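# Secondary and tertiary structure notes
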Amino acid sequence: MKIGSTLRRLRDSFINSAGTVVFGMEDGTVSIFGLIFGVAATTTSTKTVLIAGASGAAAAAVSMMAGAYLDAETTQDNATALAKGTPDISLSSRLIGAGLTPQQSNALAAAVQGDRNAADGLLLALKGAATDRLNPFEQALWMLSADFLAAAVPILPFVFLPIDRARIVSGTVTVALLAGLGIGRAQLGRRNVVRTVVETVLMGIGAALAGVAIGVLINHSLV
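The following paragraphs examine the structure supplied in this document. Not measured: the values here are computed from a predicted model.

This part covers the overall build of the protein chain. Each helix and strand counted, the protein chain has 10 helices and zero strands in total. Mapped in sequence order, the helices and strands of the protein chain form the string α-α-α-α-α-α-α-α-α-α. For the protein chain, the proportion of contacts with a sequence separation of at least 24, taken over those separated by at least 6, is 70%. Accessible surface, the protein chain as shown: approximately 12400 Å² in total, 67% of it carbon and sulfur.

Right, here's the structure in full:
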């Protein structure tokens, strides 16, 4: 019974965190793709590539985890402040940033003061978050897991294959993963699938090319 309840809670948490998971995977894939290819373009040492990739993946995942935690915590604090009728300057600023005039943003923030449901609805419309309040700790764990696991995709071929073949396999599987993430982004955002997939893949390829260009430039400069 406890196992079934835990699995249901895990499923619900995953569904509510789908945007965080996709974003984390995209960030981990793109950033480490660029890092790995920047290093792999300037060395024949598999060990060097693995050290750079693993350390970069760990640092990026922890950084994104912290960002996800703080973002969810801030959203939760904003909703609590609105429910208590506390003036929320940050909310007004965000509404102004979304295109409203100062008068409109102040009036809208004041209108939802003291109303928990209205506050949640406003934050939902502004942020595109799930209707359920997001647990900062859960969001952080999903971000950490998604970012780190996705970052492992461009790294793993260098564990099992010679570096020349690993470059090819890493590029192929990473582009395939980016295409899958593009489909996920399109589903979540209800966007055009083809356009979103192309955008996502091009971001990854751009990161790889940038990494290679910087790596080669620094390598030649230090010779």
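Right, let's get into the nonpolar core. Counting 20 residues, the largest nonpolar core has Ile-32, Ile-36, Val-49 and Phe-158 as its most contacted members. For this core, the secondary-structure elements that each account for two or more residues are helix 2 (18-40), helix 3 (46-83), helix 7 (136-155), helix 9 (163-189) and helix 10 (193-221). Among the elements that take part in this core, helix 2 stands out by supplying seven residues, more than any other.

Mapped onto the elements of the fold, Glu-26 is located in helix 2. Of the residues examined, Glu-26 reaches a relative accessible area of 11% and is grouped as buried. Beyond its immediate sequence surroundings of up to four residues, Glu-26 is in contact with Leu-181, Arg-185, Thr-200 and Met-203.

Turning to helix 2, a few remarks are in order. At 3.6 residues per turn, the α-helix brings residues three or four places apart onto the same side. End to end, helix 2 covers 32 Å across 23 residues, agreeing with the expected 33 Å (1.5 Å per residue, within 8%). In terms of burial, helix 2 is a largely internal element, 17 of the 23 residues being buried.

To continue, consider a nonpolar patch on the surface. Among the surface-exposed residues, Val-194, Val-198, Leu-202, Ile-205 and Leu-209 lie close enough to one another that they form a single nonpolar patch of about 470 Å² accessible area. The residue Val-198 is located in helix 10 in this model. According to the relative accessible area criterion, Val-198 is partly exposed, its value standing at 42%.

This next bit is on the environment of Ala-207. By secondary structure assignment, the location of Ala-207 is in helix 10. Residues Ala-207 and Gly-38 lie 169 residues apart in sequence; the distance between their C-alpha atoms is 9.2 Å. Contact partners of Ala-207, with chain neighbours within four places excluded, come to Val-30 and Gly-34.

Summed over all chains, the structure comprises one aromatic pair. Each ring, one from Phe-33 and one from Phe-37, has its centre 4.9 Å from the other, and the planes form 80°; the classification is edge-to-face. Highlighted residues: Phe-33 and Phe-37, both in helix 2, separated by four residues, approximately one helical turn. This pair shows no difference in class: Phe-33 is buried, exactly as Phe-37 is.

The geometry of helix 2 relative to helix 9 is characterised by a closest axis approach of 10 Å and an angle of 155° between their N-to-C directions. The pairing of helix 2 with helix 9 is recorded here as roughly antiparallel in orientation. The interaxial crossing formed by helix 2 with helix 9 has left-handed handedness. Two secondary-structure elements touch here, helix 2 through Ala-18, Gly-19, Val-22, Met-25, Glu-26, Thr-29, Val-30, Phe-33, Phe-37 and Ala-40 and helix 9 through Arg-167, Ser-170, Gly-171, Thr-174, Leu-177, Leu-178, Leu-181, Arg-185 and Leu-188. Of the residues belonging to the contact of helix 2 with helix 9, the class tally is 11 nonpolar, five polar and three charged.

The rules behind the values
- Residues numbered from 1 in each chain as written.
- Predicted model: local features only at pLDDT ≥ 70, side-chain atom pairs only at ≥ 80, totals over all residues.
- Heavy atoms only, no water.
- Helix = DSSP H or I, 4+ residues; strand = E, 2+ residues; numbered from the N terminus.
- Contact = heavy atoms within 4.5 Å.
- Areas by Shrake-Rupley, 256 points an atom, 1.4 Å probe, with all protein chains shown as cover.
- Core = buried A, V, L, I, M, F, W, Y, C linked by side-chain atoms within 4.5 Å.
- Buried < 20%, exposed > 50% of the residue type's maximum accessible area, 1.4 Å probe, protein only.
- Expected span 1.5 Å × (residues − 1).
- Patch = residues over 30% accessible without salt bridge, like charges linked within 9 Å, V, L, I, M, F, W, Y side chains within 5 Å.
- Salt bridge = Lys/Arg side-chain N within 4 Å of Asp/Glu carboxyl O.
- Phe/Tyr/Trp six-rings, centres within 6.5 Å; stacked < 30°, edge-to-face > 60°.
- Axes fitted to C-alpha atoms, helices over the stretch in contact; angles between N-to-C directions.
- Parallel < 35°, antiparallel > 145°, perpendicular 65-115°, else oblique.
- Left-handed = near helix turned anticlockwise from the far one by under 90°.
- Nonpolar A, V, L, I, M, F, W, Y, C, P; charged D, E, K, R; others polar.

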